[in-house]
Structures are given as C-alpha cells and as structure tokens.
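# Examining the three-dimensional arrangement
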Amino acid sequence: YRIDRGAWTKYTKPFTVSADGSHTVDYYAEDEVGNTSPVGTVSFKIDKTAPTATITAPEAGYIYLFGRQLFRNPLGGTLIIGGIYFEATASDATSGVDYVSFNINGYTYDDASAPYKIWWHKFDLMPTKYTLTVSAYDEACNKAADQTLSFTHWL
C-alpha cells in the first residue's frame, strides 16, 4: 500500500491516517509466485478542525434604523430600531460549511447557503435587550466557536 502517493509499503499491520485534508490510499496484492492484482484506490477526507464564523452585520457599537447603519452610538452599545438583517460569514477549508445558525434569545434560525443572513423584526414597545449568537457547522459536524453580539431593540 501507499498513502498519498508516498513510497510503497508492505502491509504487516493496521495503519492510521490522521492528518486533516484529502487522502488517497493505493493498494494491491501479490501472491507467492509474484502475480499482482490491479491497483485499487480509496480516497477520503479527514476534518477535525472547526470552521470559523464572524458576525458581519450589525456592527457592534452602532445605531441602526430599519436596517440602515446611522452612526457610532455615543453612549456605547448597539441599538437597533425596527427590523434588520443579521449577517455572518463562515468558512471551512476541508469539508466545507454545512450551515450557519442564528440564535436570538432562544429562537434559532438556520441558513444553509452563503451569504448567511436572516431578516429579524420584533415589536418591542419599550427598549429590550437581546443577544445574537452565531454558530457555524461544517460538513464533518465540527462547530465553530460561538460569536455573540448584545444589542438593544426598540420598535
């Protein structure tokens, strides 16, 4: 057998391939008189690395009016008045991104294709605090570190 086009090795015991990435194992058999079988090939991917995720909108520390960024909040914090698109980016070098999850105070919305975004609007008569948590999952079921944004919503 050989791994990833490396040197041919006589099989004497089980072997392990453990590095992230795409791999190919080629193999053949030889009988006692030297006859060989055709070369067989097995290809597979290993992905132990979590994807990455970033909240791209809204930007922390700004005031938004019906989805439009107005200006940096002089009092600090993020203020959202009316509805808004929450947006995120996600990437995974090995198996690819499966989906991105947006969670707002226990309500979850999933988006399986880029650009990752959801429309959110809730009527709050009084300013109300929320936390947006964005999670990305890759095709190998690895989960990115959660990204969070605390904001105040009104109307």
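Figured I'd write up the structure that's included with this text. (Residues numbered from 1 in each chain as written. Predicted model: local features only at pLDDT ≥ 70, side-chain atom pairs only at ≥ 80, totals over all residues. Heavy atoms only, no water.)

## Thoughts on the overall build of the chain
Put simply, the rule reads: Numbering goes from the N terminus for both helices and strands, where a helix is a DSSP run of H or I of at least four residues and a strand is a run of E of at least two. Computation of the radius of gyration draws on C-alpha atoms, with the globule rule given as 2.2 Å multiplied by the number of residues to the power 0.38. Classification of residues uses two cut-offs on accessible area relative to the type maximum, computed with a 1.4 Å probe and protein chains only: under 20% is buried, over 50% is exposed, and between them is partly exposed. The criterion used for residue contact is that any of the two residues' heavy atoms lie within 4.5 Å.
Counting its regular elements, the chain contains zero helices and 13 strands. The C-alpha atoms of the chain give a radius of gyration of 25 Å, which is well past the 15 Å a tight globule of 155 residues would have. With the C-alpha coordinates of the chain rotated into their principal frame, the extents come out at 85 × 25 × 20 Å. Going through the 155 residues of the chain one by one, you find that 34% of them count as buried. Long-range contacts, defined here as pairs at least 24 residues apart, represent 52% of the contacts in the chain between residues at least 6 apart.

## What to know about the sheet that holds strand β8 (residues 84-91)
How we decide: Paired strands, in this sense, are two strands between which DSSP finds at least two bridges. Lines fitted to C-alpha atoms define the axes, with helix axes restricted to the stretch in contact, and inter-axis angles between N-to-C directions lie between 0 and 180 degrees.
Pairing in this open sheet of three strands is antiparallel, and the strands run β4-β8-β11 from one edge to the other. Since the sheet does not close on itself, it has two edges, and those belong to β4 (52-57) and β11 (116-120), each with one partner. This sheet shows a mean twist of 20° between the axes of neighbouring strands, independent of strand direction.

## Considerations on the pattern of salt bridges
Under the convention used in this document: Whenever a carboxyl oxygen of Asp or Glu lies within 4 Å of a side-chain nitrogen of Lys or Arg, that contact is scored as a salt bridge.
One pass over the full model with this rule turns up four salt bridges. A salt bridge links Lys122 to Asp124; the shortest N-O distance between them is 3.6 Å. Given the relative accessible area of 36%, Lys122 is considered partly exposed. Each of the salt bridges in this network shares a partner with another, and the network as a whole consists of Arg2, Arg5 and Asp26.

## Regarding the sheet that holds strand β1 (residues 2-3)
Within a sheet, neighbouring strands are paired by backbone hydrogen bonds and run either parallel or antiparallel to one another. In space, the three strands of this open sheet follow the order β1-β2-β3, with antiparallel pairing throughout. Pairing within the sheet leaves two strands with one partner each, and these edge strands are β1 and β3 (40-46).

## Description of the environment of Ile104
Within the fold, Ile104 resides in strand β9 (residues 97-104). Look at Ile104 and you get buried, because its relative accessible area is 2%. Sequence separation between Ile104 and Thr133 is 29 residues, and the spatial gap between their C-alpha atoms is 6.5 Å. When neighbours within four sequence positions are excluded, Ile104 is seen to be in contact with Phe86, Tyr109, Ile118, Trp120, Tyr130, Thr131, Leu132 and Phe151.

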